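# Coordinate inspection notes
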Amino acid sequence: MDITVKTQDPNGSVTESVSAVGGLQPFLHDAVVTLCAPSLVISQESGQLSGGADGFYHGDRRALSRLTVAAEGIALAPVHGGLRGADRADFRAILRGLGEVTADPAVALRRLRRTVAGRLEEVFEVTNAGTEHVHLQLTVTAGTDLATMEQVKSGQVLETVTPQVADTDGVGLSWSSGDFSVQLASEPAPDALHVPTGQLSYDIDLQPGASWSVTLNCTAAYADGDQFPAPPGDQLPWRVPVVRSADRRLEWWLQQSLADLDRLRLADPQSSDPDRPDQFMAAGAPWFLTLFGRDSLWAARMLLPLGTDLAAGTLRTLARRQGAVTDPATEEQPGKILHEVRRDTLQFADSLLPPVYYGTVDATSLWVTLLHDAWRWGLPPREVELLLPHAESALAWMRNQAEASGDGFLKYGAHGAHGLSNQGWKDSGDSIRHRDGRLAAAPIALCEVQAYAYEAARGGASLLRAFGRPGADHWEEWAEQLADRFRKHFWVEDESGPYPAVALDRDGRPADAVTSGFGHLLGTGLLNEEESALLAARLTGPDLDAGHGLRTLSSNSVGFNPYGYHTGSIWPHDTAIAVHGLIRAGFPDAAASLAQGLLTASTAFDARLPELFAGHGTEAGPRPAPYPASCRPQAWAATSSVLVLQAALGLQADAPGGTVTVTPGFASAYAPLTVTGLQVGGGQLDVTVTADGTVNVTAPEGLTMITP
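The sections below set out a description of the structure shown in this document. Going along each chain's sequence as written, the residues are numbered from 1 onward. Totals for whole chains, interfaces and linings use every residue, but because this is a predicted model, local features are given only for residues with pLDDT of at least 70 and side-chain atom pairs only at 80 or more, for both listing and counting. Hydrogen atoms and water are omitted, and side-chain values are computed over all heavy atoms in the structure.

Our next topic: the sheet that holds strand β33 (residues 651–654). Working definition: the strands of a sheet are paired by backbone hydrogen bonds and lie parallel or antiparallel to each other. Two strands make a pair as long as DSSP finds a minimum of two bridges between them. Helix and strand definitions here come from DSSP, where helices need a minimum of 4 consecutive H or I residues and strands a minimum of 2 consecutive E residues; each element is numbered from the N-terminal end. In space, the 3 strands of this open sheet follow the order β33-β34-β38, with mixed pairing throughout. Bordering the open sheet on either side are β33 and β38 (704–706), each of which pairs with just one other strand. Here the average twist between neighbouring strands, direction ignored, is 15°. As defined by bridge partners, strand β34 (residues 659–662) adjoins β38 across 3 bridges and the pair is classed as parallel. Paired with Thr 659 across the strands is Thr 704, a residue of β38. All axes here are fitted lines through C-alpha atoms, helices being fitted over the stretch that makes contact, and every angle between N-to-C directions spans 0 to 180 degrees.

It is at 8 Å that the axes of helix α11 (residues 572–585) and helix α13 (residues 635–649) come closest, and there the two elements cross at 20°. When the axes of α11 and α13 are compared, the pair comes out roughly parallel. Crossing handedness for the pair α11 and α13: left-handed. Contact residues: Pro 572, His 573, Ala 576, Ile 577, Val 579, His 580 and Ile 583 in α11; Trp 636, Ala 637, Ser 640, Leu 643, Val 644, Gln 646 and Ala 647 in α13. Residues are grouped as follows: Ala, Val, Leu, Ile, Met, Phe, Trp, Tyr, Cys and Pro are nonpolar; Asp, Glu, Lys and Arg are charged; all remaining types, including Gly, are polar. Among the residues forming the contact of α11 with α13, the class breakdown is 10 nonpolar, 4 polar and no charged. An angle below 35 degrees is read as roughly parallel, one above 145 as roughly antiparallel, one from 65 to 115 as roughly perpendicular, and any other as oblique. In this scheme the crossing of two helices becomes right-handed for a clockwise turn of the near helix relative to the far one and left-handed for an anticlockwise turn of less than a right angle. Any pair of residues with heavy atoms lying within 4.5 Å of one another is described as a contacting pair.

An order of β21-β35-β36-β37 is seen for the 4 strands of this open sheet, with the pairing classed as antiparallel. Edge strands, defined here as strands with exactly one partner in the open sheet, are β21 (242–245) and β37 (695–698). Going from strand to strand, the sheet's axes swing by 20° on average, the running direction of each strand aside. As paired elements, β21 and strand β35 (residues 673–680) share 4 bridges and run antiparallel to each other. Note on β35: the bridge partner recorded for Val 243 is Val 675. Sheet strands in contact with helix α2 (residues 248–263) are β21 and β35, and its direction is about 160° off that of β21. Each of β21, β35 and β36 (683–689) is contacted by α13, which is oriented at about 105° to β35, the strand it contacts most.

With that settled, the discussion passes to the packing of aromatic side chains. One pair of aromatic rings is described through two measures. These are the centre distance and the angle between the planes. Think of it this way: a Phe, Tyr or Trp ring, Trp meaning its six-membered ring, pairs with another when their centres are within 6.5 Å, and the plane angle makes it stacked under 30 degrees, edge-to-face over 60, tilted otherwise. Per the stated rule, a full pass over the model turns up 16 aromatic pairs. Consider the rings of Tyr 565 and Trp 571, whose centres lie 5.1 Å apart with planes at 75°: the pair is edge-to-face. Here Tyr 565 falls in the partly exposed class, since its relative accessible area comes to 23%. Only protein chains enter the calculation, and the probe is 1.4 Å; a residue is then buried if its accessible area is under 20% of its type maximum, exposed if over 50%, and partly exposed in between. Classification of Trp 571 as buried rests on a relative accessible area of 2%.

Here we take up helix α12 (residues 588–604). The end-to-end C-alpha distance of α12, which contains 17 residues, comes to 25 Å, matching closely the 24 Å that a straight helix rising 1.5 Å per residue would cover. Its buried side turned inward, α12 meets α2, α10 (529–539), α11 and α13. One or two positions beyond α12, positive phi appears at Asp 606, with a value near 55°. Given a helix with a known number of residues, its expected span is that number minus one, times 1.5 Å.

Once that is clear, we can look at the side chain of Ser 201. By the element assignment, Ser 201 lies in strand β19 (residues 199–206). With relative accessibility at 12%, the residue Ser 201 sits in the buried group. Look past the residues within four positions of Ser 201 in its chain and what remains in contact with it is Gln 137, Leu 138, Thr 139, Pro 190, Asp 191 and Ala 192.

So, about the layout of surface pockets. Every definition here rests on a 1 Å grid over the protein atoms only: cavities are sets of points where a 1.4 Å probe fits but cannot get out, pockets are open sets enclosed by protein on both sides within 12 Å along at least five of seven lines, and lining residues have some atom within 4 Å of a point. Grid points are joined across faces, edges and corners, and a volume is the space filled by probe spheres set on the points. The space that makes up the second largest pocket amounts to roughly 710 Å³. Surrounding the second largest pocket, 30 residues form its lining, Arg 301, Asp 373, Glu 455, Gly 523 and Arg 584 being those nearest its centre. Of all the secondary structure elements, the ones that give two or more residues to the lining of the second largest pocket are α3 (293–302), α5 (363–377), α7 (447–466), α9 (518–521), α11, α13 and β33. For the lining of the second largest pocket, the residue count by class is 11 nonpolar, 12 polar and 7 charged.

Throughout this description, the term nonpolar core refers to a set of buried Ala, Val, Leu, Ile, Met, Phe, Trp, Tyr and Cys residues connected via side-chain atoms within 4.5 Å. In terms of nonpolar packing, the biggest core is built from 168 residues, with Trp 367, Leu 371 and Leu 649 touching the most fellow members. Element by element, the count of residues in this core is highest for α7, at 11 residues. The contacts of Trp 367, once residues within four sequence positions are left out, are Leu 297, Leu 315, Leu 318, Ala 319, Ile 337, Leu 387, His 390 and Ala 391. With 40 residues, the next largest nonpolar core counts Val 41, Ala 106, Val 107 and Val 140 among its residues.

Right, let's talk about the environment of Gly 323 for a bit. Mapped onto the fold, Gly 323 is located in the loop between α4 (309–320) and β24 (340–341). On the basis of relative accessibility, which here comes to 10%, the residue Gly 323 falls in the buried class. Sequence separation between Gly 323 and Tyr 358 is 35 residues, and the spatial gap between their C-alpha atoms is 8.0 Å.

Between Ala 285 and the following residue, Pro 286, the backbone shows a cis peptide bond with an omega angle of 5°. Mapped onto the fold, Pro 286 is located in the loop between β23 (279–281) and α3. Cis peptide bonds are those with omega within 30 degrees of zero, and the linkage from Ala 671 to Pro 672 qualifies with 0°. Topologically, Pro 672 is positioned in the loop between β34 and β35. Phi at Asp 606 is positive, roughly 55°, even though this residue is not glycine. A positive phi angle, close to 70°, is found at Ala 607, a residue other than glycine. Topologically, Ala 607 is positioned in the loop between α12 and α13.

The following block contains the structure:
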């Protein structure tokens, strides 16, 4: 696809050029990513921004594609680099040979990075630890293509935009295109500025023991402001618990996950109180740093043990954008919850997604279930009641879709001309298939979507009855009828026994591939005890359980690919949902095995689990291989740590009923384990599990504890 790039010289003359080379999606597995949504920075392990997906991004736009440092005539040898939290990183390099009188390095460069919403701060510090006076010229080169995230993701290579002299207090550079502008300022000012090449040069003299530093600040902004701005930093919508465990990996995983989640927060500019805006989780960096219905809902649901504020903000943000009309172009329908929101139309492969796109079959059910679960965890009744009309509209959408399908199941098809071909969480084009490898033809009824709908109907009925609204009996009956239909049409059998197909295809035939989707059915109420036992056994089989988590497709299946996005890879959130479902269904041993696999995988990724990773399994080695283009950090991968902790404690809340249940299923694996600062019913919940399995709980006043 050709892209027109407009550049403007300092005299105001505008030049247009067409340049875009299609390529391959960039790999990210060895990148250092710092973020503060809606901004992020991707760099090499050396700290350099110099190619591929490298860059400083803001609001799905690349503000800088190049930011490199070099010393004239001196080789820089990187020796260390990495994260110092979610939004900070530092990097160290040796200036080889400079000032050296022994074999020891003498002069070092330290590069410190801080990412703030709309701003990148980069500090370069040169220190002379040797005994000789040294002189050097340090040159920082900056540049940008102002590419959209879509262009970066598709591997397009654009021409560099010519910079101008920045209008700043110091001396620096600026770039602009349309409503997006970027400025780079230097403090102190460079000794030389070469605008056409974006070079800032500094002459440095250092006596022994002396140091020198320069701070570069790059700011990026849209003329009309951010689509979803960063929320106030001091308004964290959850409590951070203190966890002490015999297995320090659990602590590390939780700490890193919560730090990343803090920087994935975004705010809804349509909030009724601009001083305390509703917050939600952006789906993931770099590709999905915006509002996604399904992702934001699952992330908020997994974080409920830490408080209900994030759930409330997510519910309200999506309710404001709930479908009101029927529009085939956007796939909007009355009562439907959206899939994603972008600033511009998004094009990739053969899909063309409008800025507000509703092509999802599961977000609407998940919205209702989150409202129910948040109520159970203590969302104030008044806040719940205000959202009930939206819940009723969502339930009506579920019923209408099931009735329109002809067989009573929720389905999706290609409603829009260029919409997503698959509209569950496994939304790649090749994800839903038969055991022999054939792709299922749309319209498609996914197994987990029926489970979500069942759970939403039951939860919706509970809400309607509790708040004195009509319809509870109807929705309970609707749910049971759906369960009966599911049992009749979805169950198939192979040499290992019965199991539910991943989907029904256009002709109502089961797409009988064996997948990780079993885990999403457990604990929803859709299955009986015998059926749950069959799936628990399947999930712990070696074809699905890779030792690091669940494969999305059985390794025995035709088309299995350990690097397949949804056809053999491992998604942490998918495994965590299965762990939680197994606990709810009464299979703690199976849950413990899968949870241990995730914990093992977390160490391989420095406790920052990616969106997905390769499904080779432990037989191929103790550390899982990355999926190279995976988002990292990613919201529901990070919140999986909290869901696994909840499952380990067997934690269930019924604040309206005045009870909290703690029945540790596999917490002994981490014992002695102390968790302080969980939240239920607006109060603090503390749990301790001793090495001998004794459980001690301190619950908020007014709640009755149910323990072993």
